[in-house]
Amino acid sequence: MVGSEDGRSGPGGRSTVLRACWLGLAVLGVAAGVFVAAMPVGSVSLGCAKGDSLSGPLAHADATCDDSIRYALGLSPPVQVAMVLAIPAVVAALVLRTWVAALVAGCYAVIAVFGLMNWTDWRITFLVAGVVGTILAGTTALVQFALLRSSR
């Protein structure tokens, strides 16, 4: 139904554009995970900044501060970044409800706060990604609200 209250307007309609926006945000989340994998661990580790030594439960024994996060800490951090940033946007794209869109924008804000609270290790990457995600998800949620409201 074109202009229905739930936002499902069929192929080529507003819902397709909104889903594309949400899925684009999910792709950006996966891209952030790939970017984090290639970052030097020294740029996100307090141990590297203070004493030029890498330590922690995930650190490989022979890793240095100049190595990539993927080599120094393994695949777990980049996969976590990609999943945490992509899953909320995929949920918003699948459900396509205004209240879910607002909730997803809030989730990205919580992700940013989590990154701020973990500023001493690789989880600081969630700060920047969460702020960008909050801005993009908030904008998409507002556009979704306006489009669905104007279709009534």
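Values in this document were obtained by computation on a predicted structure and should not be read as measured data.

S.K.: Provide a residue-level description of the nonpolar core, including the pertinent values.
M.R.: With 35 residues, the main nonpolar core has W22, L54 and Y108 as its most contacted residues. Those elements that place two or more of their residues in this core are α1 (14-38), α3 (69-73), α4 (76-95), α5 (98-117) and α6 (125-150). Not counting residues up to four positions away in its chain, the partners in contact with W22 are A89, A92, A93, L96, A101, V104, A137, T140, A141 and Q144.

S.K.: Which residues make up the state of the cysteines, and what are the values?
M.R.: The final tally for this structure, using the stated rule, is one disulfide. Two residues share a disulfide in this structure: C48 and C65, whose sulfurs sit 2.0 Å from each other. When the S-S torsion is -90°, as for the bridge of C48 with C65, the disulfide is left-handed. Pair noted here: C48 is in helix α2 (residues 46-51) and C65 is in the loop between α2 and α3, with a separation of 17 residues, a long-range link. Taken individually, C48 and C65 each receive the classification buried, so the pair is uniform in this respect. C21 takes part in no disulfide bond, and the closest cysteine sulfur, belonging to C107, lies 18 Å away.

Parameters and conventions
- Along each chain, residues carry numbers from 1 onward, in the same order as the chain's sequence is written.
- Side-chain atom pairs in this predicted model are given and counted only at pLDDT of 80 or more, local residue features only at pLDDT of at least 70, and totals for whole chains, interfaces and linings cover all residues.
- With hydrogens and water excluded, all non-hydrogen atoms of the structure serve as input to the side-chain values.
- Within this scheme, the nonpolar core is defined by two criteria: the residues are buried Ala, Val, Leu, Ile, Met, Phe, Trp, Tyr or Cys, and they are joined through side-chain atoms within 4.5 Å.
- The buried label applies to any residue whose accessible area, calculated with a 1.4 Å probe on protein chains only, is under 20% of its type's maximum; exposed applies above 50%, and partly exposed to all values in between.
- Helix and strand definitions here come from DSSP, where helices need a minimum of 4 consecutive H or I residues and strands a minimum of 2 consecutive E residues; each element is numbered from the N-terminal end.
- Here a residue-residue contact requires only that any non-hydrogen atoms of the pair lie within 4.5 Å.
- Any cysteine sulfur atom paired with another within 2.5 Å is treated as part of a disulfide.

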